[in-house]
Structures are given as C-alpha cells and as structure tokens.
Amino acid sequence: MPVTAESIRNKLAAEMGAVHVEVEDTTTDHCSTSFKVLIVCPQFEGKPLLQRHRMVNTCLTEELKEIHAFEQKTLTPEQWEKQKSE
Amino acid sequence: MNNLFRLSVGLFRSGTGVYRLGPVSEGHASLVVARLFSSAPENNELGQLIKKDKVVVFIKGTPAQPMCGFSNAVVQILRMHGVDDYASYNVLEDQDLRQGVKDFSNWPTIPQVYFNGEFVGGCDILLQMHQNGDLVEELKKLGIHSALLDANKDEQKK
C-alpha cells in the first residue's frame, strides 16, 4: 500500500492521540515520497524535541522505510494555541 | 530569525547531479570518508568518530557543496553561528556509512548532528533550536561562542 498524506495523517491521529495533524506532500513530482508534518499532541508535554521526534519516527516506522524525505514539527496543544495567535 | 526560515524553505529542493570531491575550503574540517567501513560498520567505529570532534555532522555533500536542501540548512545554520571548525562526513561517498549512521542513532534520515558525541537531531530540530535560542546555549556548553551573540550586542548598541 503506497504511503500517502492521508495514510500518514490517519496513523498519527490514531496511534499518537494527536489533537491536530497536518500533512503536506512536498514531493516535487507528486510520487508521494516527501512529506512535511505538523503534529499537535498532548503526549509531547514535558518531552524534549528529540524525544518527540523519536515518538513520531516510531509511529511511522513502516512509512519511513518507503519515503525519501521527511520533515516534522511537534507541538503541545499549548504551543499550538500560542503559535496560532502569533 | 524569519529570514533563515524563508531561506531554508527555499532550499528544500532535492539535490541532484553527480557528486564530485569538492576542495576543502573556508576552514571547514571536511573529511572524506573513503571506505571507512568495509561491510556493516562496527558501532564502536562510529562511536569513536562522533567523539573525535565537538560538532560532528553527517550530510549529503560537503559544507562547501551540500547536495540536499536539508543538509544545506544544517551547514547554513552552523555558519550563521560562526561555527566553522567541525567535522563533516559525506554519506553519499559511502553507502555503508549512510546506512550505518542511521542504524547507530536509530534515526531514519540524513542530515544528522552530534554535539560532544551525543545525537542532537536532524535539520528540523537544529532549526527549531536556532529559532528558540537553544542552539546558542548548547554551543556555549561546548565552549563555542555563537557569532549571533555578538551580532545581537551590535544591534543593541545602535
């Protein structure tokens, strides 16, 4: 099953209890191999950046094997609200 | 701060083209890793490599000639902070290194940044650390005075 923005979004929402997920396919020729992800999840609270990113990496282990490039931004709900108001 | 973000967003295009050995310039300690690993790299070889220098990066290409937008972003961020004495390893040179470093850090992508032998993260993390001021602090812990501290001082004088 090919990796799509939709499949990534669903997996993150389902497995990480994320309250907000945005997935952008950044592949230049739209072959679904490059993604940019924003994840807002209460489980990130109190965790340093590296740990947050590793949580996401673990959740998407299978997908990451298929895709070429991956960017991620991990925020707690509080950080997300703050960013929205800026 | 926003300028770098715009710059790095513009740089996020996949690099293509034939890689060739660029000259070591601008005082960068660019090491060519030629056949450092014959087969699967031993953990301790990489373990030693990342401890040899305070700042170690594994990128695609070289600081003089990065071959990928994310790797370039790492090089640019370090340059902005005036960090030009660091070890850089080109994973395009050696497929065993390219896979080995991913297994070693249990991290799926390149570039990879290490401070004092400890894995820091990839381009996203370095960028966020740069934007929120953490990078200046981490460099200070390494005994590296960030150039941006001087830049800020100049601004305040005006």
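The structure under discussion appears in the preceding block.
Per chain, residues are indexed from 1 in the order of the written sequence. Think of it this way: whatever chain is written first is A, whatever ligand is written first is 1, and the rest follow in order. Given that this is a predicted model, residues contribute local features only at a pLDDT of at least 70 and side-chain atom pairs are listed and counted only at 80 or more, while totals for whole chains, interfaces and linings are drawn from all residues. Excluded from the side-chain calculation are hydrogens and water; included are all heavy atoms of the structure.

J.: I keep staring at the pairing of strand β2 (residues 34-40) of chain A and nothing clicks. Help me out?
T.: Residue and element names in this part refer to chain A. With 6 of its 7 residues buried, β2 lies for the most part within the structure. Any two strands with at least two DSSP bridges between them are considered paired. Secondary structure elements follow DSSP: runs of H or I of four or more residues count as helices, runs of E of two or more count as strands, with numbering from the N terminus. As defined by bridge partners, strand β1 (residues 20-25) adjoins β2 across 6 bridges and the pair is classed as antiparallel. In the strand pairing of β2, E24 is matched with K36. As paired strands, β2 and strand β3 (residues 69-75) are joined by 7 bridges and run parallel to one another. From the neighbouring strand, K36 faces β3, where its bridge partner is E71. In this scheme, a residue with accessible area under 20% of its type's maximum is buried, one over 50% is exposed, and one in between is partly exposed, where area comes from a 1.4 Å probe on protein chains only.

J.: Is there a simple way to think about the interface of chain A and chain B in this case?
T.: Reports often express the size of an interface as the amount of accessible area lost when the parts come together. Contacts between the two partners involve 12 residues from chain A, matched on the other side by 14 residues from chain B. By buried area we mean how much accessible surface two parts lose on assembly, using a 1.4 Å probe and totalling the loss over both. With both chains or domains summed, chain A and chain B bury close to 1,300 Å², and 59% of this area falls on carbon and sulfur atoms. Summed over the three residues of chain A that lose the most area to chain B, namely L49(A), R54(A) and E71(A), the buried surface amounts to 36% of that side. Two N or O atoms count as a polar contact when they lie within 3.5 Å, although within protein this holds only if one can serve as hydrogen donor and the other as acceptor, and sequence-adjacent residues are included solely when both atoms are side-chain atoms. For the pair chain A and chain B, the interface holds 3 residue pairs in polar contact (both at pLDDT 80 or more). Elements with a contribution of two residues or more to the side of chain A that touches chain B: α2 (49-59) and β3 of chain A. Any residue outside Ala, Val, Leu, Ile, Met, Phe, Trp, Tyr, Cys, Pro, Asp, Glu, Lys and Arg is labelled polar, Gly included; the first ten of those are nonpolar and the last four are charged. Its residues assigned to classes, the side of chain A that touches chain B comprises 5 nonpolar, 4 polar and 3 charged. In what follows, a contact means two residues having at least one pair of non-hydrogen atoms within 4.5 Å.

J.: How should the packing of α2(A) against helix α5 (residues 123-132) of chain B be read in this particular structure?
T.: For any two helices packed against each other, the geometry comes down to the angle between their axes and how far apart the axes lie. Lines fitted to C-alpha atoms define the axes, with helix axes restricted to the stretch in contact, and inter-axis angles between N-to-C directions lie between 0 and 180 degrees. Packing of α2(A) against α5(B) brings their axes to within 10 Å, and their N-to-C directions diverge by 150 degrees. Between α2(A) and α5(B), the angle is such that the two are roughly antiparallel. Crossing angle aside, the handedness with which α2(A) passes α5(B) is right-handed. From α2(A), L49(A), L50(A) and H53(A) reach across to α5(B), where they touch D124(B), I125(B), Q128(B) and M129(B). These descriptions rest on fixed angle ranges, namely under 35 degrees for roughly parallel, over 145 for roughly antiparallel, 65 to 115 for roughly perpendicular, and the rest for oblique. Definitions for this section: a left-handed crossing has its near helix turned counterclockwise from the far helix by less than a right angle. A right-handed crossing has that turn clockwise.

J.: Mind showing me how you'd approach the sheet that holds β2(A) here?
T.: Pairing between sheet strands relies on hydrogen bonds along the backbone, with the strands arranged either parallel or antiparallel. Residue and element names in this part refer to chain A. Strand order in the open sheet formed by 3 strands is β1-β2-β3, and the pairing between neighbours is mixed. Each of the sheet's edge strands pairs with one partner strand only, and the pair in question is β1 and β3. Taken pair by pair, the neighbouring strands of this sheet meet at an average axis angle of 10 degrees, ignoring direction. Along the sheet, helix α1 (residues 5-16) contacts β1 and β2; its crossing angle with β1, the most-contacted strand, is approximately 160 degrees. Sitting on the sheet, helix α4 (residues 77-85) touches β1, β2 and β3, and the angle it makes with β3 is about 95 degrees.

The values reported here are purely geometric and, on their own, carry no functional implication.
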